[in-house]
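Structural characterization, general
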Amino acid sequence: MYPGNHSNSFPSALPGRPSTAWINDLCSDFSAHPFLRASNDQHPFLGKVAYGLDRLVTTAMSIPYKRKIQPHLSDTTLQEYVDYHACYAQQGFMDDPGSAFPAPPAEHPVVERDTRRRSWDPKTANLASIDFDSPFQTIDPRFRDEYGALEPNGRVESRAWLHKEGPRPIVIFLHGFSAPDYRINMMWFSAQKFYAAGLDVVFMNLPLHGGRTPKSAAYHGTALIHPSLWRMSEAAAQGIMDLRILIDHLLKRGTPKVGIMGYSWGAFHAAMLASLEPRTDFIVSVAPVVSIADVVMAWPTRTFFQESIAEPAMMMRELRKILAPFTPLSHRLQIPKERVLLAASVNDGIIPTVHTEALWEHFGRPEVSWSCGGHILYFDKEKVADRA
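Moving on, we come to the overall build of the chain. Looking only at helices and strands, the chain features 14 helices and 9 strands. Contacts in the chain between residues at least 24 apart in sequence constitute 79% of all its contacts with a sequence separation of at least 6.

On to the packing of aromatic side chains, then. For the structure shown, the criterion picks out 19 aromatic pairs. Taking the centre distance of 6.0 Å and the plane angle of 85° together, the rings of Trp 360 and Trp 370 count as edge-to-face. Of this pair, Trp 360 sits in helix α13 (residues 354-362) while Trp 370 is found in strand β9 (residues 367-371), placing the two residues 10 residues apart along the sequence. The class for Trp 370 is buried, based on a relative accessible area of 10%. Grouping aromatic residues by their ring pairs yields a cluster made of Trp 120, Trp 161, Phe 173, Tyr 182, Trp 188, Phe 189, Phe 194, Tyr 195, Phe 203, Tyr 263 and Tyr 378. The cationic tip of Arg 142 hangs over the ring face of Tyr 84; the distance from NZ or CZ to the ring centre is 4.9 Å.

Turning to the confidence of the model for the chain, a few remarks are in order. Per-residue pLDDT for the chain averages 86, and the proportion of residues at 70 or more is 86%. Note on residues 1-8: pLDDT is under 50 here. Beyond four places in sequence and across chains, it has 17 contacts.

With 12 residues, helix α9 (residues 265-276) ought to run about 16 Å at 1.5 Å a step, and its terminal C-alpha atoms sit 17 Å apart, in line with that. Among the 12 residues of α9, 12 are classified as buried, and the element is accordingly described as predominantly covered. Regarding α9, the residues found buried are Trp 265, Gly 266, Ala 267, Phe 268, His 269, Ala 270, Ala 271, Met 272, Leu 273, Ala 274, Ser 275 and Leu 276. Check the buried side of α9 and you find it contacts β4 (170-174), α8 (230-252), β6 (258-263), β7 (280-286), α10 (292-296) and α13.

The next subject is the pairing of β4. Extensive coverage of β4 is indicated by the burial of 5 of its 5 residues. Bridge count between β4 and strand β5 (residues 200-204): 5 bridges; the pairing is parallel. Following the sheet pairing, Leu 174 is matched in β5 by Met 204. Where β4 lies against β6, 5 bridges are found, and the strand directions are parallel. Across the sheet, residue Leu 174 finds its bridge partner in β6, namely Gly 262.

Turning to the environment of Lys 337, a few remarks are in order. Turning to its location among the elements, Lys 337 is positioned in the loop between α12 (312-322) and β8 (340-345). Each C-alpha atom, one on Lys 337 and one on Glu 367, is 8.0 Å from the other, the two residues being 30 residues apart in sequence. Those residues in contact with Lys 337 that sit more than four places away from it in its chain are Phe 363, Gly 364, Arg 365 and Pro 366.

Turning our eyes to something else, we now look at the sheet that holds strand β1 (residues 111-114). Read across the open sheet, the 9 strands follow the order β1-β2-β3-β5-β4-β6-β7-β8-β9; overall the sheet is mixed. The open sheet has two edge strands, β1 and β9, and neither has a second partner. The mean angle between the axes of side-by-side strands here comes to 20°, regardless of whether they run parallel or antiparallel. Pairing of strand β2 (residues 126-133) with strand β3 (residues 155-162) involves 8 bridges; the strand directions are antiparallel. Opposite Ile 130, over in β3, you have Ser 158 as the bridge partner.

Tallied over the entire structure, the rule returns 17 salt bridges. One salt bridge in this structure joins Arg 155 and Asp 133, with 3.0 Å as the shortest N-O distance. Of the two residues, Arg 155 is situated in strand β3 and Asp 133 in strand β2; the sequence distance between them amounts to 22 residues. Residue classification places Asp 133 among the partly exposed positions, given a relative accessible area of 45%. Here Arg 279 and Asp 248 are joined by a salt bridge, their closest N and O atoms 3.0 Å apart.

On to α8. Compared with an ideal rise of 1.5 Å per residue, which puts 23 residues at 33 Å, α8 spans 33 Å between its outermost C-alpha atoms and is within 8% of the ideal. Burial analysis of α8 places 20 of its 23 residues in the buried class, which makes it a mostly covered element. Directly beyond the C-terminal end of α8, a positive phi value near 110° is found at Gly 254.

Attention shifts here to the packing of α8 against α9. Remark: α8 packs on α9, axes separated minimally by 10 Å, with the N-to-C direction vectors making an angle of 60°. The handedness of the crossing between α8 and α9 is right-handed. Across the interface between the two elements, Met 232, Ala 235, Ala 236, Gly 239, Ile 240, Leu 243, Arg 244 and Ile 247 of α8 pack against Trp 265, Phe 268, His 269, Met 272, Leu 273 and Leu 276 of α9. Within the contact of α8 with α9, the residues separate by chemical class into 11 nonpolar, 2 polar and 1 charged.

Together, Phe 45, Leu 46, Val 49, Leu 53, Leu 56, Ile 376, Leu 377 and Phe 379 line one region of the surface with nonpolar side chains, adding up to about 710 Å² of accessible area. Looking at where Phe 379 falls in the secondary structure, it is placed in the loop between β9 and α14 (381-387).

Turning our attention to the nonpolar core. Grouped together as the largest cluster of nonpolar side chains are 92 residues, with contacts concentrated most on Ile 172 and Phe 326. Looking at this core, the element that brings in the most residues is α8, giving 12 residues. Residues Ala 125, Trp 188, Phe 189 and Ala 287 belong to the second largest nonpolar core, which totals 26 residues.

Further remarks concern the side chain of Thr 213. Structurally, the position occupied by Thr 213 is in the loop between β5 and α8. A distance of 2.9 Å separates a polar atom in the side chain of Thr 213 from the backbone oxygen of Gly 210. There is a polar contact of 3.1 Å between the side chain of Thr 213 and the side chain of His 220. Look past the residues within four positions of Thr 213 in its chain and what remains in contact with it is Glu 151, Pro 152, Leu 208, Tyr 219 and His 220.

The rules behind the values
- Residues numbered from 1 in each chain as written.
- Predicted model: local features only at pLDDT ≥ 70, side-chain atom pairs only at ≥ 80, totals over all residues.
- Heavy atoms only, no water.
- Helix = DSSP H or I, 4+ residues; strand = E, 2+ residues; numbered from the N terminus.
- Contact = heavy atoms within 4.5 Å.
- Phe/Tyr/Trp six-rings, centres within 6.5 Å; stacked < 30°, edge-to-face > 60°.
- Buried < 20%, exposed > 50% of the residue type's maximum accessible area, 1.4 Å probe, protein only.
- Lys NZ or Arg CZ within 6 Å of the ring centre and 35° of its normal.
- pLDDT = per-residue confidence, 0-100.
- Expected span 1.5 Å × (residues − 1).
- Pairing = 2+ DSSP bridges.
- Axes fitted to C-alpha atoms, helices over the stretch in contact; angles between N-to-C directions.
- Salt bridge = Lys/Arg side-chain N within 4 Å of Asp/Glu carboxyl O.
- Left-handed = near helix turned anticlockwise from the far one by under 90°.
- Nonpolar A, V, L, I, M, F, W, Y, C, P; charged D, E, K, R; others polar.
- Patch = residues over 30% accessible without salt bridge, like charges linked within 9 Å, V, L, I, M, F, W, Y side chains within 5 Å.
- Areas by Shrake-Rupley, 256 points an atom, 1.4 Å probe, with all protein chains shown as cover.
- Core = buried A, V, L, I, M, F, W, Y, C linked by side-chain atoms within 4.5 Å.
- Polar contact = N/O pair within 3.5 Å; in protein donor to acceptor, adjacent residues only side chain to side chain.

Spelled out as structure tokens, the structure:
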């Protein structure tokens, strides 16, 4: 048994309908609890090294949060912060979290065209770019102009490896936060293995990453860093809509099945697609974020909120309410659990492994791999690819 009121049984949506009951049922220091399940970690020293590297990275990544967030929060009460985000915590979203994700427009135009070959592309593949203008409009209309000004975020870009023998089942690879580099993701996901096994492959850039990074951003994904939580929420909603449009295009071009494999921030999107889009055939979700609020409070950023906003005892509950639609814990799995593979490292110092454990319980205990290493030094990529 874990300390306090935390146990191996995590709250989940009631059968047949979504639920936000987890907001109150999950203990407030959920991310801080140790992971006690057995794993295949046969190298504890390497695990400690990997964990230490992760914590150094979280500290470094928290510096821009401190510069951007803390000055804006210092004169803010918790109630003022909650009121500012009232649109996302509205009762309609609490009762039906899926209503925060409207379906994309029908027959949205998508351009697929040949693209030039690079040295690391498979020599036998037809190479294509699949691009379209995102039709996404912010959930909160107050931020529509500001979010729309984050150009070129509105242009969705994907790169595909397609077999010459006609449409095949496709796997879409989704990168982690600040990590859209095509070559790195090709190696990290062992994409060549999937292609050699007969699948077509698509790499898609998530909002505010890669070629969608705003000119004002210092690096991929940093435009998500904001004193309020609206950019994170809107980017998550946009990512889901863009993926639905891509899936629709792939199915209409004759692809028999479309699956998703994501890592970290990409794994979050994979889990959300499995909860919102029944046309998703399978997912592989590696180190997923299941509660953005709890990750924020597991990093050094926790102190920024605690020092700046009074009433810390209520803070976690309110942050969870603001972000409730944007977690798979609020939604019901829409695909058979036999087509879900979850994986995480037991020494992850960026996305605590209990996030994957919570999702595993919530999804009805699908196949799972508890691996060694950390978030950055993840040692079992090949094994996960083989199991997928």
